[in-house]
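Structural features, examined
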Amino acid sequence: MSTTVAVLGTGIMGSGMAANLIAQGFDVRVWNRSREKTRPLQDAGAQVAASPDEAVEDAAVVLTVLFDEGVTAQVMERALPSAAPGAVWAQAGTVGVKGAADLVKLAERSGIRIVDTPVLGTRGPAEQGTLVVLTAGEEEALATARPALEAFSAREIHVGDEPGRASALKLACNAWVTTLTAGVAQSMAMAEALGTDPRLFLEAISGGPLDAGYAQVKGAAMLSGAYEPSFPVHGALKDLDLMVDSARSHGVASGVLDGVRVQFRAAELSGHRDEDIAAVFEAVTPDDR
C-alpha cells in the first residue's frame, strides 16, 4: 500500500518536492493558499485538498514547506487536530532555531511527532530530486519520514536527535549562500565600474580554488539580467534576519551578515523583491551604468 504524504505549501520548493513524491509512487495530497499553484500537481496525480486539515487526514507524513515560522504555526494549528495517530510532521521550511523550538512545542501539545528537515538547494534541485536534506529528530520518527525525504533528495546529513539542530545548520549554510552571492555581485560590479568586462572575473576564478559552481550560475544571471526566481530576494531577507538574530544572541559577530543584509534590502527596495537573489547585483552597480 502506498504511503500518503501531505504537502502543505507548493511554492518554488514545495511544488518540486511534491512532484518527485508523485513520481516515486507516493499518494500525495497537497494544499496551498493559492490553489492555482496546485494545478500542475493535480494534473500529475496529486489530490488537492481544500484546507490544511483535509490534507493531513490519514497521511503518514505531513511535509510543511511554508515561508516562515509564523505561517507554518498558523497552518499547522489548523491541521494538527485532524492528523492521523502516529503521523510524522517533517518540517522543511527555514524557520530558524527559535522558530523550530516553537514548532516542536506545538507538535508536542498536539501529540504529533516532529522531525526537523530543512533542505539545501533551490528550484532546480527541488525539481530534479537532488536536494540535500538536513535532518534532526528521533530515529523512529525519521525512519517513518525518510522514504518520503529520499524521493526529493540526493543525500541526507543527520545533525542529531534534537529537532532544531538541522535548522541551525541551515542558517549557517544560507549565510554562505547569501554571502557568496553578494560577493560575486560586488566583484562583478567593481570590475565593470573600473572598465573591465565582468565576464573576465568569472573566467579568472573558473576552475581554480576560488571557483564555485554557484558563483558561476549566479554570475551568469547577473550578466544576463535574467532573474527568474529560484531563491527570491524577499526569502533571503527573511533568512538573513534569522541569521543576524541568531548570531548576535550567541555572541557571534554579525558584521558580514549585516552588510549582506543591507545589499539585499537595497535590492528589495529598488523593485527586485520577488526576483532571484542574483538581482542583488543591481543594488551594487552605479545608478548611471
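Residues numbered from 1 in each chain as written. Predicted model: local features only at pLDDT ≥ 70, side-chain atom pairs only at ≥ 80, totals over all residues. Heavy atoms only, no water.

Thoughts on helix α11 (residues 233–249)
We count it as follows: Numbering of helices and strands starts at the N terminus; helices are DSSP runs of H or I of at least 4 residues and strands are runs of E of at least 2. Helix span, as expected, comes to 1.5 Å for every residue beyond the first. Exposed residues in this analysis have more than 50% of their type's maximum accessible area, buried residues have under 20%, and partly exposed residues fall in between, with area computed by a 1.4 Å probe over protein chains only. Working rule for contacts: check all heavy atoms of both residues, and any pair within 4.5 Å makes them a contact.
Along its 17 residues, α11 runs 24 Å from first to last C-alpha, staying within 8% of the 24 Å computed at 1.5 Å per residue. Of the residues making up α11, those classed as buried are Val233, His234, Gly235, Ala236, Leu237, Lys238, Asp239, Leu240, Met243, Val244 and Ala247. Taken together, the buried residues of α11 touch α8 (165–193) and α12 (255–272). Two residues or fewer past α11, Gly251 is found with a positive phi of approximately 75°.

Describing the pairing of strand β8 (residues 131–136)
Condition: Strands are treated as partners if at least two bridges between them are detected by DSSP. Crossovers are described as right-handed under a simple rule: with the strands pointing away from the observer, the path leading from the first strand over the helix to the second runs clockwise.
Of all six residues in β8, six are buried; the element is thus mostly enclosed. The alternating pattern of β8 places Leu131, Val133 and Thr135 on one face and Val132, Leu134 and Ala136 on the opposite face, and all of these are buried. Pairing of strand β7 (residues 119–120) with β8, which is carried by two bridges, proceeds in the antiparallel orientation. The residue of β8 that forms the bridge with Val119 is Val133. Note that β8 and strand β9 (residues 153–160) share six bridges and pair parallel. What sits directly across from Leu131, in β9, is Ser153. For the handedness criterion, the β-α-β arrangement of β8, helix α7 (residues 139–150) and β9 is classed as right-handed.

Section: the nonpolar core
Threshold: Nonpolar core, defined: a set of buried Ala, Val, Leu, Ile, Met, Phe, Trp, Tyr and Cys residues in which side-chain atoms within 4.5 Å join the residues together.
Among the nonpolar cores identified, the biggest contains 32 residues, and Met222, Phe264 and Phe281 are the most heavily contacted of them. At the level of elements, α8, α9 (199–205), α10 (213–224), α11, α12 and α13 (280–284) are the ones that each hand at least two residues to this core. Considering every element that reaches this core, the biggest residue donor is α8, with nine residues. Filtering out sequence-adjacent residues up to four positions away, Phe264 remains in contact with Thr178, Ala182, Val233, Ala236, Leu237, Leu240, Ile277 and Val280. Of all hydrophobic cores here, the second largest spans 31 residues; its members include Val7, Met13, Met17 and Phe26.

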